[in-house]
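Fold and contact review
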Amino acid sequence: MRVYVPLTLTSLAEAHRAGELGPGPLTAYAVTPALREWYLSDDIEELEYAALNRAAGASLRLISGAPSAVRRRVVLAADVPDSATSVDPDRGLDAGALGEVRIAGAVPLAKAAAVHVDADEASADVTAAADALGAADLGDDDAQFTVDGAEDHELLWFATQEIENLIG
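Within any chain, residue numbers begin from 1 and follow the written order of that chain's sequence. In keeping with the predicted nature of the model, local features appear solely for residues at pLDDT of at least 70, side-chain atom pairs appear and are counted solely at 80 or more, and the whole-chain, interface and lining totals rest on all residues. Side-chain measures here rest on the full set of heavy atoms in the structure, leaving out hydrogens and waters.

**Structural notes on the pattern of salt bridges**
The rule for a salt bridge is simple: a side-chain nitrogen of Lys or Arg has to be within 4 Å of a carboxyl oxygen of Asp or Glu. Applying the stated criterion to the full structure yields 4 salt bridges. Close ionic contact of Arg73 with Asp118 constitutes a salt bridge, the shortest N to O distance being 2.8 Å. Linking Arg73 in the loop between helix H3 (44–64) and strand S4 (74–79) with Asp118 in the loop between strand S8 (112–117) and helix H4 (123–137), this pair joins segments that are 45 residues apart in sequence. The exposure classification of Arg73 matches that of Asp118, with both residues buried. The helix count covers DSSP runs of H or I at least four residues long, the strand count covers runs of E at least two residues long, and both are numbered beginning at the N terminus. The classification of residues rests on relative accessible area computed with a 1.4 Å probe and restricted to protein chains. Under 20% of the type maximum is buried, over 50% is exposed, and intermediate values are partly exposed.

Here you go:
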């Protein structure tokens, strides 16, 4: 199963040093039955893109909670056995949990397929979005507009061999 793990550049650097993401359990995003139903598509590439975007949103939340974090969203795509993941049935109807899975244990970086990271040019919008996230969660439409502004930036694709350059 391809999973998309939300990170910050700091947590990516920690994983790079350790050679793995973990310890588990880890929250990630994947093409789940609930995501398929919500997205109404059978195109696996579209569904994986939706899961990636859900992980990018979770990365924004991580950034928002870490004031010293670099203001660039980070998502690591990895392949893990289906048996290593689970979906919380109590959160199945929660719109915020669409595509969310739990990974039981650590994920070796050798299982990573790619890293997706914001370009430097996205930093101002990601900073504004991270700052506005709390107000957006409380229903502030202007704050939600600011948060949505971060989503206007496509994450760039990097090979796993480029992680050292990203964190350096």
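**Quick look at the nonpolar core**
Put simply, a nonpolar core is a bunch of buried Ala, Val, Leu, Ile, Met, Phe, Trp, Tyr and Cys residues held in one set by side-chain atoms that sit within 4.5 Å of each other. Membership of the largest hydrophobic core comes to 24 residues, with the highest contact counts inside it found for Val3, Leu12, Leu21, Leu76 and Val115. Secondary structure elements with two or more residues in this core: strand S1 (2–7), helix H1 (9–18), strand S3 (26–29), S4, strand S6 (100–103), S8 and helix H6 (163–167). Grouped together as the second largest cluster of nonpolar side chains are 13 residues, Tyr29, Ala55, Ala58 and Leu98 included.

**Description of the packing of aromatic side chains**
The pairing test for Phe, Tyr and Trp rings, Trp by its six-membered ring, is centres within 6.5 Å, and the orientation test on the planes gives stacked under 30 degrees, edge-to-face over 60, and tilted for anything in between. In the structure shown here, the tally under the stated rule is 1 aromatic pair. Summarising the aromatic geometry, the rings of Trp38 and Tyr39 are spaced 6.1 Å apart at their centres and angled 50° between planes, so their arrangement reads as tilted. Take Trp38: its relative accessible area is 45%, and that puts it in the partly exposed class.

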